[in-house]
Amino acid sequence: MRECKLMNCLKPVLGKSYKYTRLIGTGGVGSGIVFNLDGDHTIGRNESRSGKLMPFKDYCKIHIIMHYPSVLLGKGQNGVISYPISNVGCDNPGTVLIQEMKDAGMDTRGISQLKDAPTLYSVCFQYPDKSGGNITTSNSACGMLTSDDIDNFFVKMPVGEPEILIAVPEVPLKPRLRLLEHGRKRGSFNIGAVLTSEVPEFLSLDGIKLVDMLAVNIDEALAVAGLKNEGSLPEEVAHKCYHSLTKINPDIMLIVTAGANGCYSCYNGKIEHIPAIQMDVVSTAGAGDAL
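Just so it is clear, the structure is predicted and the values come from calculations on it, not from any experiment. (Residues numbered from 1 in each chain as written. Predicted model: local features only at pLDDT ≥ 70, side-chain atom pairs only at ≥ 80, totals over all residues. Heavy atoms only, no water.)

This brings us to unusual backbone geometry. Non-glycine residue lysine 75 carries a positive phi angle of around 55 degrees. With respect to the element layout, lysine 75 can be found in the loop between α1 (61-72) and β7 (81-89). The class of lysine 75 is partly exposed, set by a relative accessible area of 41%. The backbone of asparagine 268 sits at a positive phi, close to 55 degrees, despite the residue not being glycine. Summarising the element assignment, asparagine 268 is placed in the loop between β15 (263-267) and β16 (270-274). (Helix = DSSP H or I, 4+ residues; strand = E, 2+ residues; numbered from the N terminus. Buried < 20%, exposed > 50% of the residue type's maximum accessible area, 1.4 Å probe, protein only.)

Dropping the structure here:
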């Protein structure tokens, strides 16, 4: 890539266009807050824990994932358009999020505002060693997205542009799979992600056959591979996960993120380890989605 000085964006090294010019994705759209917890031990079931409220904003999956290509590739003015599909509430957070996506160059025709559900909200927490997790709204507008919503979007999205389709959590699994089914019919490049708790259903519904690339973290890879040993080395987990996937989809690509251990990319029978950049960690919120 070379830098586009006039627009502060990236342009192709060769030629005038990219291989893919359309990015369509469904997943969570919401906001949240970040706490740095006091104390390194895991939160107990009945424990009240203090923590510092950090000045960082937290966003949800498809918003994070689509923000980077949208901005880096010229905010829709350089031949690549991003189309998120999701729901937000008819509330101030939902209105603000839609405007932020528009400001980042996304086409928000696939975002609906619902009157009977709040915008997705997440509380991210981090321990002193920078590990952590989040608590996310289970009764949000995102949770009301349906397969019909996906179908309705594609009615007005003609086939023809080379496109990437992305299906990620924080909306129900079935509309995500419907998006990937449309991708198979349209000849799109399909990317999927799945939570540990969703793996059994994802496998039973043949989700593996619908993706060209699967992106998971170590815990999710363990579940996909049917492993219970959390002490397994990341490389071993990536290898076993990839091996189990290729039995179902021989041409699948796999990315396994492993925190401070970097990530593993698997394709065409090969596994490559990409080490993490050594630096002082400020926050890991959204790191996996950004990757």
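This is not the end of the story, as more comes after the structure.
To continue, consider the confidence of the model for the chain. Note that predicted coordinates carrying low pLDDT should not be read in detail. When pLDDT is averaged along the chain, the result is 92, and 97% of the positions lie at 70 or above. Segment residues 1-6: pLDDT under 50, and 16 contacts once partners within four positions in sequence are set aside and those in other chains are kept. (pLDDT = per-residue confidence, 0-100. Contact = heavy atoms within 4.5 Å.)

This part is about helix α8 (residues 234-246). Taking 1.5 Å per residue, 13 residues should reach 18 Å; α8 reaches 18 Å between its end C-alpha atoms and fits that length. If you check which residues of α8 are buried, you get Pro234, Val237, Ala238, Cys241, Tyr242, Ser244 and Leu245. Down the axis of α8, the smallest arc covering the buried residues is 165 degrees, so these residues share one side. Residues of α8 that are buried sit in contact with α6 (207-210), β13 (213-217), α7 (218-225), β14 (253-257), β15 and β16. (Expected span 1.5 Å × (residues − 1). Arc of directions from axis to C-beta.)

Summed over the entire model, instances satisfying the criterion amount to eleven salt bridges. Note that aspartate 212 and arginine 184 form a salt bridge whose closest N and O atoms lie 3.3 Å from each other. Of this pair, aspartate 212 sits in the loop between α6 and β13 while arginine 184 sits in helix α4 (residues 173-186); the two residues are 28 residues apart in sequence, bridging distant segments of the chain. With a relative accessible area of 21%, aspartate 212 lands in the partly exposed category. Salt bridges here are not isolated pairs; linked through shared partners, they connect Arg22, Glu163 and Arg186. (Salt bridge = Lys/Arg side-chain N within 4 Å of Asp/Glu carboxyl O.)

Another aspect to go through is the packing of aromatic side chains. What characterises a pair of aromatic rings is the spacing of the ring centres plus the angle enclosed by the ring planes. If you walk through the whole model with that rule in mind, you get four aromatic pairs. Aromatic side chains tyrosine 20 and phenylalanine 189 sit 6.1 Å apart centroid to centroid with 45 degrees between the ring planes, which places their arrangement in the tilted category. You can see tyrosine 20 sitting in the loop between β2 (9-11) and β3 (22-26) and its partner phenylalanine 189 sitting in strand β12 (residues 189-192), a full 169 residues away along the chain. The exposure class of tyrosine 20 is partly exposed, given its relative accessible area of 25%. For phenylalanine 189, a relative accessible area of 16% corresponds to the buried category. A centroid spacing of 6.2 Å and a plane angle of 65 degrees characterise the contact between tyrosine 83 and phenylalanine 153, whose relative ring orientation is edge-to-face. Taken together, the positions of tyrosine 83 in strand β7 and phenylalanine 153 in helix α3 (residues 147-155) put the pair 70 residues apart, joining distant regions of the chain. The burial state of tyrosine 83 is the same as that of phenylalanine 153; both residues are buried. The rings of Tyr83, Phe153 and Phe154 are connected pair by pair, giving a single aromatic cluster. (Phe/Tyr/Trp six-rings, centres within 6.5 Å; stacked < 30°, edge-to-face > 60°.)

Across the sheet, nine strands lie side by side as β8-β7-β3-β11-β12-β13-β14-β15-β16; this open sheet has mixed pairing. On the outer flanks of this sheet lie β8 (111-114) and β16, each paired with one strand and no other. Averaged over all neighbouring strand pairs, the angle between strand axes comes to 15 degrees, with direction disregarded. Relative to β13, β12 runs parallel, the two sharing two bridges. (Pairing = 2+ DSSP bridges. Axes fitted to C-alpha atoms, helices over the stretch in contact; angles between N-to-C directions.)

What follows covers the nonpolar core. Counting residues in each nonpolar core, the largest one holds 41 residues, and the members touching the most others are Ile24, Leu214 and Leu254. For leucine 254, the contacting residues outside a window of four places in its chain are Leu214, Val216, Ala238, Cys241, Tyr242, Leu245, Tyr264, Ser265 and Cys266. Val88, Ile98, Ile166 and Ile191 belong to the second largest nonpolar core, which has 20 residues in total. (Core = buried A, V, L, I, M, F, W, Y, C linked by side-chain atoms within 4.5 Å.)

Counting through the fold element by element, threonine 26 comes out in strand β3. Exposure remark for threonine 26: the relative accessible area of 0% places this residue in the buried category. Residues contacting threonine 26, with those up to four places away along its chain left out, are Ile62, Ile85, Leu145, Ile150, Ile166, Ala167, Val168, Val171, Arg176 and Leu179.

A word on the packing of α7 against α8. Interaxial distance between α7 and α8 falls to 8 Å at its minimum, and their mutual angle equals 45 degrees. In terms of axis orientation, α7 runs oblique to α8. In the crossing of α7 with α8, the sense of the turn from one axis to the other is left-handed. Residues Ile218, Ala221, Leu222, Val224 and Ala225 of α7 form the contact with α8, whose own contacting residues are Pro234, Val237, Lys240, Cys241, Ser244 and Leu245. Residues belonging to the contact of α7 with α8 are distributed by class as follows: nine nonpolar, one polar and one charged. (Parallel < 35°, antiparallel > 145°, perpendicular 65-115°, else oblique. Left-handed = near helix turned anticlockwise from the far one by under 90°. Nonpolar A, V, L, I, M, F, W, Y, C, P; charged D, E, K, R; others polar.)

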